[in-house]
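# Fold and geometry: a report
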Amino acid sequence: MAEDFELDLEELRHLQSIAKRPRIVSLISSEIRNLEKLSKAAVSTSTLQTPAPLPTPASATSTPALNYVTLGSFSWDQDNEKVKIYVSLEGVEQEKMDTLFKPTSIDVKFHDVQGKNYRCAIPKLNKEIVPEKCKVVVKPTRVIITLFKASKGNWLDLKFKEDKLKPDLGKERDPMAGIMDLMKNMYEDGDDEMKQTIAKAWSDARSGKTADPLKGYP
């Protein structure tokens, strides 16, 4: 656009130089002034509209997911108020640990231990703990995780386990159904001899030889 104005001005100036009549000279002069204004405006607009170069965005670096070695073997003991878990692991640094304590679970991660990442997690504890009181102490050859019990008492195990042998005898449920569930669990967990004995008891009960499916079971 600005180049077109310059070409027009050049030609008008040439015509102005050869014009003889005053009226023609005046008209050409007026047009030259108008074109000069338009040319300056076009140059200014072109400058304003030139987009500034956008900064090249830094390439987003994605953090790779960390791989952990699961610590499935550890020892533990307890007293009336707390539980201690002993993890045999050398080279652990206190500042390179992530701990997550919840009322019924723990998740402790050890980063960059001799080039590897380790994890000690129990998704469901035997009973509830007090998360804010729990702590981890690093020793030269092991790590001690101390859990404070929400209620004093003895834990039968560190991890929660369903009591499969406990029959569910609800008020609205047939007591016989609870006994049958008990026998089913015993059958699933028993050895071959127990399975044969329970199978015989079921068979006798269905054939009417005995009214009690547990009769004759030692």
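Everything below is about the structure printed above this text.
Parameters and conventions
- Residues numbered from 1 in each chain as written.
- Predicted model: local features only at pLDDT ≥ 70, side-chain atom pairs only at ≥ 80, totals over all residues.
- Heavy atoms only, no water.
- Helix = DSSP H or I, 4+ residues; strand = E, 2+ residues; numbered from the N terminus.
- Contact = heavy atoms within 4.5 Å.
- Pairing = 2+ DSSP bridges.
- Axes fitted to C-alpha atoms, helices over the stretch in contact; angles between N-to-C directions.
- Patch = residues over 30% accessible without salt bridge, like charges linked within 9 Å, V, L, I, M, F, W, Y side chains within 5 Å.
- Areas by Shrake-Rupley, 256 points an atom, 1.4 Å probe, with all protein chains shown as cover.
- Salt bridge = Lys/Arg side-chain N within 4 Å of Asp/Glu carboxyl O.
- Lys, Arg positive; Asp, Glu negative; His and termini not counted.
- Charge placed at Lys NZ, Arg CZ, Asp CG, Glu CD.
- Buried < 20%, exposed > 50% of the residue type's maximum accessible area, 1.4 Å probe, protein only.

## Here we look at the overall build of the protein chain
Tallying secondary structure elements over the protein chain gives four helices and eight strands in all. Listing the helices and strands of the protein chain from first to last along the sequence gives α-α-β-β-β-β-β-β-β-β-α-α. Looking at the protein chain alone, contacts between residues at least 24 apart form 51% of all its contacts between residues at least 6 apart.

## Some words on the sheet that holds strand β4 (residues 97-102)
Taken together, the four strands give an open sheet; going across it, the order is β1-β6-β5-β4, and neighbouring strands pair in mixed fashion. Where the open sheet ends on each side, the last strands, each with one partner, are β1 (69-70) and β4. Alignment of β1 against strand β6 (residues 116-122), held across two bridges, turns out to be parallel. Among the inter-strand pairings, threonine 70 is bridged to a residue of β6, identified as arginine 119.

## Side note on the sheet that holds strand β8 (residues 142-148)
Within the open sheet, the four strands sit side by side as β2-β3-β8-β7. Their pairing is antiparallel. With one partner strand each, in any of the chains shown, β2 (75-78) and β7 (135-138) form the two edges of the open sheet. On average, each strand axis in the sheet is tilted by 20 degrees relative to the strand beside it, whichever way the strands run. Relative to strand β3 (residues 82-88), β2 is paired through four bridges, and the arrangement is antiparallel. In the strand pairing of β3, glutamine 78 is matched with valine 83.

## What to know about the side chain of threonine 146
In this structure, threonine 146 sits in strand β8. What threonine 146 contacts, discounting residues up to four positions off in sequence, is Lys82, Val83, Lys84, Cys134 and Lys135.

## Quick word on a negative patch on the surface
A cluster of acidic residues, Glu3, Asp4, Glu6, Asp8, Glu10, Glu11 and Glu31, forms a negative patch on the protein surface. The element that contributes the greatest number of residues to the negative patch is helix α1 (residues 2-18), accounting for six residues. One can find aspartate 8 in helix α1. Judged by relative accessible area, aspartate 8 falls into the partly exposed class, the value being 38%.

## Quick word on the pattern of salt bridges
Here the idea is simple: oppositely charged side chains can pair when their charged atoms come close. Applying the stated criterion across every chain yields a total of six salt bridges. Among the ionic pairs, lysine 96 bridges to aspartate 112, the shortest N-O distance being 3.0 Å. Of this pair, lysine 96 sits in the loop between β3 and β4 while aspartate 112 sits in strand β5 (residues 105-113), and the two are 16 residues apart along the sequence. Residue aspartate 112 is classed as partly exposed on the basis of its relative accessible area of 41%. The salt bridge involving aspartate 107 is made with arginine 119; its shortest N-O contact spans 2.6 Å. Here aspartate 107, found in strand β5, pairs with arginine 119, found in strand β6; they are twelve residues apart in sequence, far enough to count as distant. For aspartate 107, a relative accessible area of 13% puts it in the buried group.

## Quick word on the environment of isoleucine 129
Its place among the elements puts isoleucine 129 in the loop between β6 and β7. Counting along the chain gives 18 residues from isoleucine 129 to leucine 147, while the straight-line C-alpha distance between them is 6.5 Å. Discounting residues that sit within four places of it in the chain, isoleucine 129 has contacts with Lys102, Pro103, Ser105, Ile106, Cys134, Leu147, Phe148, Lys149, Ala150 and Trp155.

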